[in-house]
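Residues per chain are reported as follows:
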Amino acid sequence: MASFPSLAVQGDAGISGYVSMWIIAIVALTVFAFIIRSRIELLLAGQKDPRFSNLKQRFLDLIEFGFIQKRQPRYLWAGVIHIMIFWGFVVLGLRSLDLVTEGLGIPIFRPFMQSPLGLFYNSIKDVFELIVLIACIWAILRRAIVKPERYEGSHTAEAYLVLGLISFLMISDMLFEGCGILLTGDGTGEWLPAAWIGILFLPKNSPGALSVILCIAYWLHILAFFVFLNLLPLFKHFHIITALPNVFFRKQNKGEIKPARYGVDDIFDLETLGVEKIEDFTWKHILDLYTCTECGRCTDNCPANAIGRPLSPKQLTIKLRDHAYEKYPIIPSRNLDKEGEGATPMVGGIIGLDELWSCTTCGACEEECPVFIEYIDKIIDMRRHVLETSQNPKTFNQILMYVEKTGNPFGKPAVKRADWVKEQEIEDVKILKEGDRVDVLYYVDGYASFDPRSQEIAAAIVRGLKLAGMDFGILGKLEKDTGHQVRRMGEEGLFQVLVEENTETLSNIDFKWIVTTDPHAYNALKKDYPESYKVFHYSQFFLSLVETGLLRPNRAVEKSDLYTYHDPCYLGRHNGIYHEPRRLLTSIPDLRLVEMDRSRDRSFCCGGGDVMLWHEIEQEEMRMAEKRVHMALETGANVMVTACPFCLMHFEDAIKTGGLEDKIRVVDLMELFMSTF
Ligand code: SF4
Ligand code: SF4
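About the thresholds
What you see as residue numbers is a count from 1 along each chain, following the sequence as written. Numbering of ligands from 1 and lettering of chains from A proceed in the order in which they are written. Where local features are concerned, this predicted model is filtered to residues with pLDDT of at least 70; where side-chain atom pairs are given and counted, the filter is 80 or more; whole-chain, interface and lining totals use all residues. For side-chain calculations, the full set of non-hydrogen atoms in the structure is used, while hydrogens and water are omitted. Starting at the N terminus, helices and strands are each numbered in turn, a helix being any DSSP run of H or I of at least four residues and a strand any DSSP run of E of at least two. To sort residues, take the accessible area from a 1.4 Å probe on protein chains only and compare it with the maximum for the residue type: under 20% means buried, over 50% means exposed, and anything in between is partly exposed. Contact between two residues is taken to exist if any of their heavy atoms lie within 4.5 Å; hydrogens are not considered. Between any two strands, pairing holds if DSSP finds at least two bridges. The axes are straight lines fitted to the C-alpha atoms, using for helices just the contacting stretch, and the angles between their N-to-C directions are given from 0 to 180°. For every residue, the pLDDT score states the predictor's confidence, bounded by 0 at the bottom and 100 at the top. Note: domain ranges come from an automatic or database domain assignment. Buried surface area refers to the total accessible area, computed with a probe of radius 1.4 Å, that the two partners give up upon joining, counted for both partners together. The salt bridge definition used is simple: a Lys or Arg side-chain nitrogen within 4 Å of an Asp or Glu carboxyl oxygen. Side-chain atoms alone can form a polar contact between residues adjacent in sequence; in general such a contact is a pair of N or O atoms within 3.5 Å, and within protein one must be able to donate a hydrogen while the other accepts it. In these notes, residues near a molecule or strand are those with any non-hydrogen atom within 4 Å of it. For this classification, the nonpolar set comprises Ala, Val, Leu, Ile, Met, Phe, Trp, Tyr, Cys and Pro, the charged set comprises Asp, Glu, Lys and Arg, and every other residue, Gly included, is treated as polar. Within the patch definition used here, like charges are joined within 9 Å and nonpolar side chains (Val, Leu, Ile, Met, Phe, Trp, Tyr) within 5 Å, considering only residues with over 30% relative accessible area and no salt bridge. Using a 1.4 Å probe, the Shrake-Rupley method yields the accessible areas, and only the shown protein chains count as cover for residues. Handedness rule for crossovers: strands pointing away from the viewer, path from the first strand over the helix to the second running clockwise, crossover right-handed. Here a Phe, Tyr or Trp ring, Trp counted by its six-membered ring, pairs with any other such ring whose centre lies within 6.5 Å, and the pair is stacked when the planes are under 30 degrees apart, edge-to-face when over 60, and tilted otherwise.

Asks: Residues and numbers for the environment of C365, please.
Replies: The topology assignment puts C365 in helix α17 (residues 364–368). A residue is classified by how much of its surface remains accessible, and C365, at 11% relative accessible area, is buried. Residues C365 and S539, spaced 174 residues apart in sequence, show a C-alpha to C-alpha distance of 25 Å. Not counting the four nearest positions on each side in its chain, C365 is found in contact with C298, P313 and Y375.

Listed below in structure tokens is the structure:
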């Protein structure tokens, strides 16, 4: 094994080598502590966020997504490069510690390094040195030549600087190790490919020159190491330190929305509900800002961004991070008053209101992010502030007033909530009242109760339940909207009122299961409500009826039709229900199904069932639904199937306005299913 400078070089330099190393280490670590102080200060200023539950799962996630980096290969080549560099860092970390401690005169890793296992490690380390160098050069060339669009707006100069520094660390170690081998003859029998490459560039027959190069390579390597360490908290490469903790503390339940403040039982006791300033975010959401790698995968998958809305999740994080770093600078300034009069507000200034309303809460960004950065909770927290301060679009006020007064966004009297049953010419539907008992409580929700097109889906569900001989009922005037939309608009107070009223109603009915029409009501009852109901989306429930033999579709569809299924965000991404709707579809005789490129967890939002129902964003270049219909057409399908009344509404509209009626039609899964009996 090659000698180390403390032996080969510092031995000649005497005590001055150790002294120099101690000075460098103390200065570098002091500067690092000083820089990191402001980052920790901001983290501590953040709000509570309990992330220590379910520790076993957290450790498993850390292995799967932190160390195995399972999400990285979703972008194949970029993922491969990242995995190469990540594992290089893990392996080479020990090498760096060995070099530093050796230089300090406390060679605690030497015994291991000189053991048989240490010799094996030395070879592995050398292989990884080459891997990391190749990956860095590859990454630099990709950025410079391929220029992936998703890197637009990232801090490119920083990326080059850090990739260059990492490459320099690898090259200096290769030369250092190569010099050691040539000077001492140690390591000649070992497999050290990086050192061999280093040797190719060294003057083999000049021991004097080799000693000088060895010394320079060592000290430059050490200096580069400490410079690199100090650059990390300044740039996006802070993720090298924060990514593993961020993965460990990831949000574990998709589809859930965080409360206005953790640890507060009654939100009406709070003076403020939303996020107005950076410290109003939770510590985990601040850690998110430190962790963003600026890879742009979130924006690349954001449907709002794809159609020209003024929202890029990556930029949202970058803007919040820049603002946070300005407010908590490395060198504190007494004159800094970022929230004084005339300062740009964070919400409504740095983050524009249209930016906030552009989000459909589809979850595509969070699904893609390799380091589990959360967007939906942050956006809703900021929306809460917007509503609190009455900066919301005026159209919301009437909707919210209707929901508050009548329990539905149409402002229709509660007593008319079950009228759709008659309008759809269905007989014998039990309207439940307090104390009733039933197997299936069909939670219709607002749209399927009052919107004529959605009522047809409700009618199909009721016919299906009857055909299967289920004992079921609906709540009629006792039912109020679940509040899914209201909560995601940021109106937490009204949402809590709806939860209280609906929970009270449900507690007075004896039922086994709840079945819902739309994925939003399903998600609300399953994830937003405090009670644990046995709740099913109709696709799950009817699949179980097919699988238990209670229902069997017997009429085939046209063989010439080709179907494609659109995964609604709140069924798929937020609840992992991909399999059941497809199984239900393929239970239909002769049905041919093709998949869109963007399906399952990469599904493309239809335009949203939440805020977007009541607010249009002017900057749109095209409707989301229009883009999605074109994706369906690309498969060659002539029938699009979905399992959400909002998706259906958006797609029908897009097909009509796009003049595509002769090319494709859209159907709801339940209506299609019931047409086969
Ligand atoms: S939730 Fe969807 S719309 Fe919102 S930022 Fe993420 S990807 Fe974009
Ligand atoms: S939030 Fe995640 S996906 Fe988006 S740029 Fe940052 S690291 Fe990449």
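After presenting the structure, the write-up continues.
Asks: Would you mind going over the sheet that holds strand β1 (residues 430–431) in detail, with residue names and values included?
Replies: Backbone hydrogen bonds are what pair the strands of a sheet, in a parallel or an antiparallel way. With parallel pairing, 5 strands are arranged side by side in an open sheet as β1-β3-β2-β4-β5. Only two strands of the sheet have a single neighbouring strand rather than two, namely β1 and β5 (535–537). Pairing between strand β4 (residues 510–516) and β5: 3 bridges, direction parallel. Within the sheet, the bridge partner assigned to T516 lies in β5 and is H537. Strands in contact with helix α22 (residues 452–467) are β2 (437–443), β3 (472–474) and β4; relative to β2, the strand with the most contacts, it is inclined by about 155 degrees. Contacts from helix α25 (residues 519–528) reach β2, β4 and β5 within the one sheet, and its direction differs from that of β5 by about 160 degrees.

Asks: Before we move on, can you summarise the confidence of the model for the protein chain with the specific residues and values?
Replies: When pLDDT is averaged across the protein chain, the result is 94; 96% of the residues are at 70 or more. Ignoring residues within four places in sequence, the model shows residues 1–11, a span with pLDDT below 50, making 40 contacts including any to other chains.

Asks: Residues and numbers for unusual backbone geometry, please.
Replies: Positive phi values are uncommon outside glycine, yet S390 reaches one of about 55 degrees. Along the chain, S390 falls in the loop between α18 (376–388) and α19 (394–406). A positive phi is found at E425, a non-glycine position, where the angle reads about 55 degrees. Taking the relative accessible area as the measure of exposure, E425 reaches 71% and is therefore exposed.

Asks: Kindly report on the domain arrangement of the protein chain, identifying the contributing residues and their values.
Replies: Parsing the protein chain into structural domains produces domain 1 (5–16 + 74–248), domain 2 (267–332 + 341–388), domain 3 (410–547) and domain 4 (562–674). For domain 1 versus domain 2, the separation of C-alpha centres amounts to 36 Å. Domain 1 puts 20 residues into the contact, and the matching count from domain 2 is 26 residues. Between domain 1 and domain 2 lies a buried interface of about 1,900 Å² when both sides are counted; carbon and sulfur atoms form 47% of it. The largest share of the area that domain 1 buries against domain 2 comes from Y75, R150 and N246, three residues that together contribute 34% of it. Between domain 1 and domain 2 we count 1 salt bridge in total. For the pair domain 1 and domain 2, the number of links is 15 residue pairs in polar contact (both at pLDDT 80 or more). Among the elements of the structure, α5 (76–104) and α11 (239–248) are those that each provide at least two residues to the side of domain 1 that touches domain 2.

Asks: I'd like a description of the site of ligand 2, backed by residues and values.
Replies: Neighbouring residues of ligand 2: 13 residues in total, closest C292, C295, C298, C369 and Y375. Here the residues of the shell around ligand 2 sort into 8 nonpolar, 2 polar and 3 charged.

Asks: Run through a nonpolar patch on the surface, naming residues and quoting values.
Replies: A surface patch of nonpolar side chains, about 440 Å² in accessible area, is lined by I15, V19, I23, V27 and V31. Its location among the elements puts V31 in helix α3 (residues 15–45). Residue class for V31 comes out partly exposed when judged on its relative accessible area of 40%.

Asks: Give a description of the pairing of β4 that names residues and reports values.
Replies: Note that β2 and β4 share 6 bridges and pair parallel. Note that in β4 the partner of V438 across the bridge is F511. After leaving β4, the chain enters α25 and then returns to the sheet as β5, a path that is right-handed.

Asks: Lay out the site of ligand 1 in plain terms, naming residues and giving numbers.
Replies: With respect to spatial proximity, the complete set of residues near ligand 1 consists of C302, P303, L311, P313, C359, T360, T361, C362, G363, A364, C365 and I376. Tallied by class, the residues present in the shell around ligand 1 amount to 9 nonpolar, 3 polar and no charged.

Asks: Go over the packing of aromatic side chains with me, naming the residues and quoting the values.
Replies: Considering all chains together, one arrives at 28 aromatic pairs under this definition. Measuring from ring centre to ring centre gives 4.9 Å for Y447 and F646, while their planes differ by 75 degrees; the resulting arrangement is edge-to-face. Of the two residues, Y447 sits in helix α21 (residues 446–450) while F646 sits in helix α29 (residues 645–657), which places them 199 residues apart along the sequence. When its relative accessible area of 11% is taken as the criterion, Y447 is described as buried. Given the relative accessible area of 2%, F646 is considered buried. Centroid distance W513 to F541: 6.0 Å. Interplanar angle 55 degrees. Geometry classified as tilted. With W513 in strand β4 and F541 in helix α26 (residues 538–547), this pair connects stretches of sequence that are 28 residues apart. Residue W513 is classed as partly exposed on the basis of its relative accessible area, which comes to 25%. Taken together, W513, F536, F541, F542, F673 and F677 form an aromatic cluster joined through their ring pairs.

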